[in-house]
Amino acid sequence: LDRVNCVLAVDVGASKVAASVFRMGSPAGIIEEPASQGVEAAVEKAARRAVAGADCEPRLVGVASVGPLDYGGPAIVGAPNLAEGRASLARPLEWVGAPIIVGNDAVASLWAEAVLGKARGLSDAAMVVMGTGVGGAAIVSGRLVLGRRGGAHEVGHIVVDYGSNLKCGCGGRGHWEAIAGGRWLPRLVLSLARGGEPLARLARLGRLTASTLAAALEQGDGLAEEAYKVVVAATAAGLASVAAVYDPEVVYMAGGVVEALGARFLRDVAAKAGEYSLYEVRIEEASFGRLQALYGAYAIAYRPPPELLALNTHPWAPRGV
Ligand SMILES: [Zn+2]
């Protein structure tokens, strides 16, 4: 058995943490823990359960996480969609006794696409992940774009509506994420509601998700249709900006909102993006569905992108890869 090809992959999301041990590129059981118990506790619990159930001993740990990240920590710092101000990504994983590489979840998701998925061989590609928030990543001229602090790809905070009063978790207004991120869908629906529509009631009860919006759309609900149009337009505007800045051959899309709204959403967004875009925007669904970021965590550990390795300056980072 190739001992190096036993990797503990951890996906740290705003609502849940997922972990799995990948052996020869395939995940064993997927363990999930709610982030509400605290991010560090959820990471440790999920990782311990994944390793306990694995049939190989992890030699590397890959962590794909919501940002912003302090790569010197490594830690999550001031994430707009998390309660904690700071959460260590090493403390809950030190016990594994293997090198840890950390990356933004959208970056890792794109790297999974570049190493294992549809972007193999492409020198220019982008990723947009629409979940609780909206994240992004880009490979430009064969290089992963990361920036000074590793935040050069925070596309969710692109302004798609400068006249909007909808505030983002980061404090800004009119951000793509503040309009189309899963966390804000209830607020969007309420901003469009006139009275006692069933969907508005669900939103007020905190029970409106991308899936309930999709179900309401299928039943021809008028308010759902209106909210959907706004989400499509905001996403199309965001994608036009992504295309203008990075000039990708393809933009891959993943995340809970994309999965819930389905193929129709990708078609509508692609059609609408033409209205805003300098370039034609080619959109494709990413390869690994709800496991995209987990595959990303595996990919950044198994074949670390040099740009990300250079940012991982913390004491647990892999050496001499
Ligand atoms: Zn923002």
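Placed above this text is the structure.
S.K.: Got a sec to walk through the sheet that holds strand S13 (residues 250–254)? Specific residues and values, please.
M.R.: Here 5 strands make up an open sheet; going across it, the order is S12-S11-S10-S13-S14 and the pairing mixed. Only two strands of the sheet have a single partner each, and these edge strands are strand S12 (143–144) and strand S14 (283–285). In this fold helix H8 (residues 256–276) packs onto strand S10 (125–130), S13 and S14, with an angle of close to 150° to the strand it touches most, S14.

S.K.: Got a sec to walk through unusual backbone geometry? Specific residues and values, please.
M.R.: Apart from glycine, the bulk of residues carry a negative phi angle, and the bulk of peptide bonds sit in the trans form. The omega torsion across Gly-67 and Pro-68 is 0°, close enough to zero to call that bond cis. Positionally, Pro-68 belongs in the loop between strand S5 (60–65) and strand S6 (69–70). In this model, Asp-247 sits at a positive phi of 50°, which is unusual for a non-glycine residue.

S.K.: Could you give me a rundown of the coordination of the zinc ion, with the residues and numbers involved?
M.R.: All of the protein donors around the zinc ion are His-157 (ND1), Cys-168 (SG), Cys-170 (SG) and His-175 (ND1); their distances to the metal are 2.0 to 2.3 Å. Within one chain, the residues serving as donors to the zinc ion are arranged as H-x10-C-x1-C-x4-H. Of this pair, His-157 sits in the loop between S12 and helix H3 (176–180) while Cys-170 sits in the loop between S12 and H3, placing them 13 residues apart in sequence. Taking relative accessible area as the criterion, Cys-170 reaches 42% and is therefore assigned partly exposed.

Calculation rules
Residues numbered from 1 in each chain as written. Predicted model: local features only at pLDDT ≥ 70, side-chain atom pairs only at ≥ 80, totals over all residues. Heavy atoms only, no water. Pairing = 2+ DSSP bridges. Helix = DSSP H or I, 4+ residues; strand = E, 2+ residues; numbered from the N terminus. Contact = heavy atoms within 4.5 Å. Axes fitted to C-alpha atoms, helices over the stretch in contact; angles between N-to-C directions. Donors = N, O, S within 2.8 Å, 3.2 Å for Na, K, Ca; no water. Buried < 20%, exposed > 50% of the residue type's maximum accessible area, 1.4 Å probe, protein only.

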